[in-house]
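A look at the structure
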Amino acid sequence: MGDGCKAGYKIHLVWEAISGSIQNLSITGSNVTDQSTAWNTLKLLQKDDLVIRDLGYFSTSIFSRINKQGAFFLSRFKQRVNVYTLEGEKIDNLPKYIDQKYPHSSVIELNVLIGSNEKSPVRLIAYRVPEKVMAQRLRKKKGIARTARRTLSKESKSYCKFTFLITNVPEDIWPAEILGIVYKLRWQIELVFKSWKSLANIDLIKGKSENRAHCFILGRLIAVLIITMFFSCIKRYVEGEWSRELSLHKFMLWVLQDQRFLLIACPLDFERELLRKINESILDLCKQRRSRATTQDALEIVADLNIVYIEDVYDSPLRKIA
């Protein structure tokens, strides 16, 4: 790994949203596809669990397996995946089909079959986005197409009009309007990676030796795992006693300041210091109250489920330090 190198590894994370704990963490090479590791979550699933996924882990065969295990999934929908009506008629251009059938609806729900082979039954939800958001998406797509030296098709442009989600959660449990709020929970895993990067420096390596780079990466991930274990315990305490939402970023920052992380080697000393901080000013470690829907609001919606798994992969470029 030299200067300006791209990431030579990926961190695949399964984050449990209710407890704020790490359920599974694996490291692979950058040449390993995200979909090839997506099967790992099936080993964790129990009845009535929910898996929230981004496009990188999109797999119709895995969605079918999740459904057979009595669990639920919620995912963004991937363009170019075959969509069929319940009668088996293929929908060639999904945005065009929706525009023709529901020209004035802002939230559209279709019961469809997806996948060429599986033809799995799902609820497909389409949220019509504001003009400003559509323009931003279109600019981004045009930039990617320009870099790849290809022409952006009309169908690809039309996908910018909507946000598409698919799920097997029955409508009588969560209507279409609720699913958009629940899916926002996926943003939590992005905040987790952001904290790991800005506070634990998981994207920094020193030297060019492969073994040395592995030591840097694994050492920081071990520290992250230990901090997250404490975070999960304190999170439940704060929610129960204070009815507030603990911030992972603020918690990690507090632990890493003033060499407090070294106190973890002496759990009693660390617990004493942490309790002192909580008793002095718990608000310093909590998220600010907001008028718009918060993570806690979304978690209250999924309270009837056992566990909510959020999956994502960290594969940002590594930065070399002297």
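Everything here concerns the structure above.
Residues numbered from 1 in each chain as written. Predicted model: local features only at pLDDT ≥ 70, side-chain atom pairs only at ≥ 80, totals over all residues. Heavy atoms only, no water.

Focus: the overall build of the chain
Basically, it comes down to this: In this text, helices come from DSSP runs of H or I with a minimum length of four residues, and strands from runs of E with a minimum of two, each type numbered from the N-terminal end. In this description the radius of gyration comes from C-alpha coordinates, and the expected globular size is given by 2.2 Å times residues to the power 0.38. Working definition: with a 1.4 Å probe on protein chains only, accessible area under 20% of the residue-type maximum means buried, over 50% means exposed, and in between means partly exposed.
Assigned secondary structure in the chain consists of 11 helices and 11 strands. Relative to the globule expectation of 20 Å for 322 residues, the C-alpha radius of gyration of the chain, 22 Å, shows essentially globular dimensions. Expressed as lengths along the three principal axes of its C-alpha atoms, the size of the chain is roughly 65 × 50 × 40 Å. When each of the 322 residues of the chain is scored for burial, the buried share is 45%.

Here we look at the sheet that holds strand β2 (residues 21-29)
Where we set the bar: A pair of strands is treated as paired once DSSP finds two or more bridges between them. The convention used is that axes are lines fitted to C-alpha atoms, helices contributing only their stretch in contact, and that angles between N-to-C directions extend from 0 to 180 degrees. Residue contacts are counted whenever heavy atoms from the two residues lie within 4.5 Å of one another.
Strand order across the open sheet formed by 9 strands is β2-β1-β10-β3-β4-β8-β7-β6-β5, with mixed pairing between neighbours. On the outer flanks of this sheet lie β2 and β5 (83-85), each paired with one strand and no other. For this sheet, the mean angle separating the axes of adjacent strands, direction not counted, is 30°. Taken together, the 6 bridges between strand β1 (residues 9-16) and strand β10 (residues 308-314) define a ladder with antiparallel strand orientation. Across the sheet, the residue bridging to Glu16 is Tyr309, located in β10. The strands that helix α3 (residues 94-101) touches are β5, β6 (107-114), β7 (120-128) and β8 (162-167); relative to β8, the one it contacts most, it runs at about 100°. Strands β1, β2 and β10 of the sheet are contacted by helix α7 (residues 187-200), whose axis makes an angle of about 45° with β10.

Comments concerning the environment of Gly20
By the element assignment, Gly20 lies in the loop between β1 and β2. Taking the relative accessible area as the measure of exposure, Gly20 reaches 1% and is therefore buried. Leave out the neighbours within four places in its chain, and Gly20 touches Trp15, Thr228, Phe231, Ser232 and Lys235.

Regarding the pairing of strand β4 (residues 72-76)
For a regular strand, side-chain orientation follows a simple rule: the groups alternate between the two sheet faces. The following threshold applies: The handedness rule is simple: strands pointing away from the viewer, and a clockwise path from the first strand over the helix to the second, make the crossover right-handed.
Along β4, 4 of the 5 residues are buried, which leaves the element largely enclosed by surrounding structure. Chirality of the crossover, the property in question, places the unit of strand β3 (residues 50-53), helix α2 (residues 60-68) and β4 among those that are right-handed. The pairing of β4 with β8 spans 3 bridges and is antiparallel. Paired with Arg76 across the bridge in β8 is Leu165.

A few points about empty space enclosed by the protein
Counted only if it meets this: Both cavities and pockets are sets of points on a 1 Å grid over the protein atoms alone; in a cavity a 1.4 Å probe fits but cannot get out, in a pocket the set is open with protein on both sides within 12 Å along at least five of seven lines, and lining residues sit with an atom within 4 Å of a point. Grid points are joined across faces, edges and corners, and a volume is the space filled by probe spheres set on the points.
As enumerated under the stated definition, the model contains 1 cavity of 30 Å³ or more in all. The calculated volume of the largest cavity comes to roughly 60 Å³. If you trace the largest cavity, you find it lined by His12, Leu13, Val14, Asn24, Ser26, Thr37, Asn40, Thr41, Tyr57 and Glu311. For the lining of the largest cavity, the secondary-structure elements that each account for two or more residues are β1 and β2.

Here we look at a positive patch on the surface
Applied cut-off: Each patch is built from residues lacking any salt bridge and having more than 30% relative accessible area; the joining distance is 9 Å for like charges and 5 Å for nonpolar side chains (Val, Leu, Ile, Met, Phe, Trp, Tyr). Calculation of accessible area relied on Shrake-Rupley with a 1.4 Å probe; when residues are assessed, cover is drawn exclusively from the protein chains displayed. By salt bridge we mean one thing: a side-chain nitrogen of Lys or Arg within 4 Å of a carboxyl oxygen of Asp or Glu. Charged residues are defined narrowly, with Lys and Arg counted positive, Asp and Glu counted negative, and His plus the chain ends left uncounted. Charge positions are represented by NZ for Lys, CZ for Arg, CG for Asp and CD for Glu.
Taken together, the side chains of Lys142, Arg146, Lys154 and Lys157 present a region of like positive charge at the surface. Listing elements by their share of the positive patch, those giving two or more residues are α4 (131-147) and α5 (154-158). Considering the arrangement of structural elements, one finds Arg146 in helix α4. On the accessibility criterion, Arg146 (59% relative accessible area) is exposed.

Notes on the nonpolar core
Keep this limit in mind: To form a nonpolar core, buried Ala, Val, Leu, Ile, Met, Phe, Trp, Tyr and Cys residues must be joined to one another through side-chain atoms within 4.5 Å.
Formed by 57 residues in total, the largest nonpolar core has its most connected members in Trp15, Leu50, Leu185, Trp196 and Val302. The element that contributes the greatest number of residues to this core is helix α8 (residues 210-242), accounting for 8 residues. The residues touching Val302, leaving out its near neighbours within four places in the chain, are Leu50, Trp174, Val182, Leu185 and Val308. Core analysis: the next-biggest nonpolar cluster, separate from the first, contains 31 residues, Ala38, Val51, Val83 and Ile166 among them.

What to know about the pattern of salt bridges
Scanning the model with the defined rule gives 16 salt bridges in all. Here Arg128 and Asp99 are joined by a salt bridge, their closest N and O atoms 2.9 Å apart. Placement of the pair is Arg128 in strand β7 and Asp99 in helix α3, with a sequence separation of 29 residues. Classification of Arg128 as partly exposed rests on a relative accessible area of 28%. The exposure class assigned to Asp99 is partly exposed, which follows from its relative accessible area of 22%. Residue Arg276 is joined to Glu273 by a salt bridge in which the shortest nitrogen-to-oxygen separation is 2.8 Å. With Arg276 and Glu273 both in helix α10 (residues 267-281), this residue pair falls 3 residues apart, about one helical turn.

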